[in-house]
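Examination of the molecular architecture
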Amino acid sequence: MDHPVVHVSYADAVNFCQWSMLGGRLPTEAEWEFAARGQKQSRRFPWGNSMLTGKDRSTHRMNIWQSEFDSQLEEQGTNLYQFGRDSLAFVKDFYAANNTALDGFAQTAPVSTYGPQNKLGFHNMVGNVWEWTTTDWASVESEGNPPTKVKKGGSFLCHRATCNRFRNSARMMFTADSSASNVGFRCAYTRGAG
């Protein structure tokens, strides 16, 4: 089973990276995004600008949520938050419906499932699980609150109608003492260290 490790706090991820190899660490947000973009500046996804690829645009390149309601969303508009006060009820109904798993997975996928996503050879940079970075969300933390960090990549719970965070540039805040079933990490290593 080569699924990503999840339910890992920021401190646990940092400690694992340091333990795994001399010079091991979590990437910064800028390093993570550079790896995701594969040395290209204007890419929505690591492989290009289309969510689906292949001749008929039906090849999945990431693990995200696909709902039984997707066909209805295509007809009514794709953002569930456009319904104002009723939005929360729509989002709850959306996630209460089955994940059709058209990408092959209803939850996490093995990390090598979709192959290299760009010329740098990284796998699963978007979708599957959010990934910790060392970048602080806020430059000044509020007194009495836990520090917040930037997480990148989106997850198997993301969908274009609810969060659309499975893009190279997307970012999300997460408190450093938290963990979740859709948050993991990847280690970075500085060339020449160790």
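Residues numbered from 1 in each chain as written. Predicted model: local features only at pLDDT ≥ 70, side-chain atom pairs only at ≥ 80, totals over all residues. Heavy atoms only, no water.

Now for unusual backbone geometry. You will see that Arg57, though not glycine, has its phi angle at about 50°, which is positive. Its place among the elements puts Arg57 in the loop between β2 (52-53) and β3 (59-60). In the Ramachandran plot, Asn128 falls in the positive-phi region, its phi being about 70° despite a non-glycine side chain. Relative to the helices and strands, Asn128 is located in the loop between α4 (87-96) and β4 (130-136). Since its relative accessible area comes to 2%, Asn128 is described here as buried. (Helix = DSSP H or I, 4+ residues; strand = E, 2+ residues; numbered from the N terminus. Buried < 20%, exposed > 50% of the residue type's maximum accessible area, 1.4 Å probe, protein only.)

Attention now goes to the packing of aromatic side chains. Centre distance and the angle of the planes are the two values used to describe a pair of aromatic rings. Here the structure, examined in full by the defined rule, presents eight aromatic pairs. Taking 5.3 Å as the distance between ring centres and 10° as the angle between the ring planes, the aromatic pair formed by Phe45 and Trp47 counts as stacked. Assessed through its relative accessible area of 14%, Trp47 is described here as buried. On the numbers, 6.2 Å between centres and 15° between planes, the contact of Phe45 with Phe166 is stacked. (Phe/Tyr/Trp six-rings, centres within 6.5 Å; stacked < 30°, edge-to-face > 60°.)

Leu26, Met62, Trp132, Phe166 and Phe185 are the most contacted members of the largest nonpolar core, which totals 24 residues. Those elements that place two or more of their residues in this core are α1 (10-20), α2 (29-37) and β4. Among the elements that line this core, the one with the most residues is α1, at four residues. Phe185 has contacts with Val5, Val8, Ala13, Phe16, Cys17, Leu26, Trp130, Glu131 and Trp132, leaving out every residue within four places of it along the chain. Counting residues in hydrophobic clusters, the runner-up holds five residues, among them Trp65, Leu80, Phe94 and Ala161. (Core = buried A, V, L, I, M, F, W, Y, C linked by side-chain atoms within 4.5 Å. Contact = heavy atoms within 4.5 Å.)

Here the focus is the state of the cysteines. Applying the stated rule across the entire model yields one disulfide. The residue that forms a disulfide with Cys17 is Cys187, at a sulfur-sulfur distance of 2.2 Å. What sets the handedness of the Cys17 and Cys187 disulfide is the S-S torsion sign, and at about -90° it is left-handed. Here Cys17 is found in helix α1, whereas its partner Cys187 is found in the loop between β7 (183-184) and β8 (188-189), with 170 residues between them in sequence. By relative accessible area, Cys17 is classed as buried at 0%. Looking at Cys187, the relative accessible area reads 21%, which means it is partly exposed. (Disulfide = S-S within 2.5 Å.)

With that out of the way, let us pick up a nonpolar patch on the surface. A cluster of nonpolar residues, Phe34, Leu120 and Phe122, forms a patch on the protein surface that exposes about 250 Å² of accessible area. The class of Leu120 is partly exposed, set by a relative accessible area of 33%. (Patch = residues over 30% accessible without salt bridge, like charges linked within 9 Å, V, L, I, M, F, W, Y side chains within 5 Å. Areas by Shrake-Rupley, 256 points an atom, 1.4 Å probe, with all protein chains shown as cover. Salt bridge = Lys/Arg side-chain N within 4 Å of Asp/Glu carboxyl O.)

One open sheet holds the four strands; their spatial order is β6-β5-β4-β7, and the pairing between them is mixed. Every interior strand has two partners, whereas the edge strands, β6 (172-175) and β7, have only one. Note: strand β5 (residues 148-152) against β6, four bridges, orientation antiparallel. Residue Thr148 lies in a different strand from β6, and its bridge partner there is Thr175. (Pairing = 2+ DSSP bridges.)

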